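These are the residues of each chain, in order.
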Amino acid sequence: LQGSDYLNYVFGLKESGKIRHIGMSSHNPVTALKAVESGLIDVLMFSLNPAYDLVPKERDLTEVFSEVLCGEKQDFSGLVPEPARVALYRACEARGVAITVMKTLAMGTLLSAERSPLGVALTEAQCIHYALSRPAVAAVMVGMQRPSDVAEAMRYWTLTDAERDSGEVLSRLGMFRADGHCMYCNHCLPCPARIDVAAVNKYLDLVELDKQPADSVRQHYLSLAHTADECLSCGACE
């Protein structure tokens, strides 16, 4: 994009004082690192949480997921941050690019042992603290639906360092469970039948895991442009 009409327009806004900083959003650490190293951005909105950061030592994550889906047990008691993500965080810190964190709670799945791909439950404060403790992180966003969600997020400031720390929980990780856990990211799209896969799974989880009234959820589900009964079983999303 360097030298493009779009960037020329953005740089013009910055030079005129209409905006003060240029930022971008990404889920991919390799792409994000290229943007940071280009020197064109000041702020990066990036998906960051323990489930995204941690992979087994000397293991290819694709192979790991394949083995788990085939029912092979894993012992991932020794976890290290994924190298590409570590490189991104360090580059942001070195170049003064501030990170604004999204997916702090991984759509709330990290708060439940049954739903988390890590197989353990973290508290909201632990997820927030994990993100804030990464290099270059300046702000953390947390999704909220109810006033009680706001109160729970703000409770972070009343807790001790020990209560915020996720290190002890993460150090006790054993089985890494990838099967059956949708993170609602829609990276499986596009669907040939145009089904919003994340929305379908979210409504299913609301009933089965969150115990929401089925009648209420059904109305939202049926309002989707394309529902699961239109699935072609083509396997593209897998």
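Structure's up top.
What you see is a predicted model, and the numbers here were worked out from it, not measured in a lab.

**Q** Can you walk me through helix 5 (residues 83-95) in this structure?
**A** Side chains that are three or four residues apart share a direction in an α-helix, a result of its 3.6 residues per turn. Compared with an ideal rise of 1.5 Å per residue, which puts 13 residues at 18 Å, helix 5 spans 18 Å between its outermost C-alpha atoms and is within 8% of the ideal. Where helix 5 is concerned, the buried positions are R85, L88, Y89, A91 and C92. The arc that holds the buried residues of helix 5, viewed along the axis, is 160 degrees, so those residues lie on one side. Exposed residues lying more than 90 degrees from the buried face of helix 5 are P83, R90, E93 and A94. The positive-phi residue at the C-terminal boundary of helix 5 is G96, with phi of around 70 degrees.

**Q** Would you take a moment to explain the sheet that holds strand 1 (residues 23-26) for this structure?
**A** Sheets are built from strands that pair by backbone hydrogen bonding, the pairs being arranged parallel or antiparallel. Reading across the sheet, the 4 strands line up as 1-2-5-6 and stay open at both edges, with parallel pairing between neighbours. Each of the sheet's edge strands pairs with one partner strand only, and the pair in question is strand 1 and strand 6 (137-140). Across the sheet, the axes of successive neighbouring strands diverge by a mean angle of 25 degrees, strand direction being ignored. Here strand 5 (residues 98-102) runs beside strand 6; their pairing, made up of 3 bridges, is parallel. When the bridges of strand 6 are listed, I99 appears paired with V137. Lying on the sheet, helix 2 (residues 29-38) is in contact with strand 1 and strand 2 (43-47); it crosses strand 2 at an angle near 175 degrees.

**Q** Explain unusual backbone geometry to me, please; I cannot follow it from the model alone.
**A** Negative phi characterises most residues that are not glycine, and trans characterises most peptide bonds. With an omega of 10 degrees, the peptide bond between L189 and P190 qualifies as cis. Relative to the helices and strands, P190 resides in the loop between helix 9 (167-171) and helix 10 (197-208). Its identity is not glycine, yet M107 carries a phi of approximately 60 degrees, on the positive side. Looking at the element boundaries, M107 is found in the loop between strand 5 and helix 6 (124-132). Assessed through its relative accessible area of 38%, M107 is described here as partly exposed. The residue S233 is not glycine, and still its phi comes out positive at about 55 degrees. A relative accessible area of 65% places S233 in the exposed class.

**Q** Even after reading the chapter, I still don't get the packing of aromatic side chains, so can you show me in this structure?
**A** The geometry of two aromatic rings is summed up by the distance between their centres and the angle between their planes. Tallied over the entire structure, the rule returns 2 aromatic pairs. Consider the rings of F46 and Y89, whose centres lie 6.3 Å apart with planes at 75 degrees: the pair is edge-to-face. Residue F46 is located in strand 2, and its partner Y89 is located in helix 5; the two are separated by 43 residues in the primary sequence. The burial state of F46 is the same as that of Y89; both residues are buried. Ring plane angle 90 degrees and centroid distance 5.2 Å describe the contact between Y156 and W157, whose orientation is recorded as edge-to-face. On the accessibility criterion, Y156 (5% relative accessible area) is buried. One Lys or Arg, R164, reaches over the ring of Y156 and ends 4.2 Å from the middle of that ring.

**Q** For this particular structure, what's the right way to read the packing of helix 2 against helix 5?
**A** Close contact between helix 2 and helix 5 brings their axes to 9 Å; oriented N to C, the two are set at 20 degrees. Relative to helix 5, the element helix 2 lies roughly parallel. Viewed along their axes, helix 2 and helix 5 form a crossing whose handedness is left-handed. Within the contact between the two elements, helix 2 uses P29, V30, A32, L33, V36 and E37 and helix 5 uses A84, R85, A87, L88, A91, C92 and R95. Looking at the contact of helix 2 with helix 5 residue by residue, the classes come out as 10 nonpolar, no polar and 3 charged.

**Q** Is there a simple way to explain the pattern of salt bridges in this structure?
**A** Two side chains of opposite charge can pair, provided their charged atoms sit close to one another. Counted according to the given criterion, the structure contains 6 salt bridges. Across the pair D149 and R146 runs a salt bridge, and its minimum N-O distance is 3.5 Å. Of the charged contacts in the structure, one is a salt bridge between R218 and D215, with a shortest N-O distance of 2.6 Å. Of the two residues, R218 and D215 are both situated in helix 11 (residues 214-222); the distance of 3 residues between them amounts to about one turn of the helix. When its relative accessible area of 40% is taken as the criterion, R218 is described as partly exposed.

The rules behind these values
- Residues numbered from 1 in each chain as written.
- Predicted model: local features only at pLDDT ≥ 70, side-chain atom pairs only at ≥ 80, totals over all residues.
- Heavy atoms only, no water.
- Helix = DSSP H or I, 4+ residues; strand = E, 2+ residues; numbered from the N terminus.
- Expected span 1.5 Å × (residues − 1).
- Buried < 20%, exposed > 50% of the residue type's maximum accessible area, 1.4 Å probe, protein only.
- Arc of directions from axis to C-beta.
- Pairing = 2+ DSSP bridges.
- Axes fitted to C-alpha atoms, helices over the stretch in contact; angles between N-to-C directions.
- Contact = heavy atoms within 4.5 Å.
- Phe/Tyr/Trp six-rings, centres within 6.5 Å; stacked < 30°, edge-to-face > 60°.
- Lys NZ or Arg CZ within 6 Å of the ring centre and 35° of its normal.
- Parallel < 35°, antiparallel > 145°, perpendicular 65-115°, else oblique.
- Left-handed = near helix turned anticlockwise from the far one by under 90°.
- Nonpolar A, V, L, I, M, F, W, Y, C, P; charged D, E, K, R; others polar.
- Salt bridge = Lys/Arg side-chain N within 4 Å of Asp/Glu carboxyl O.

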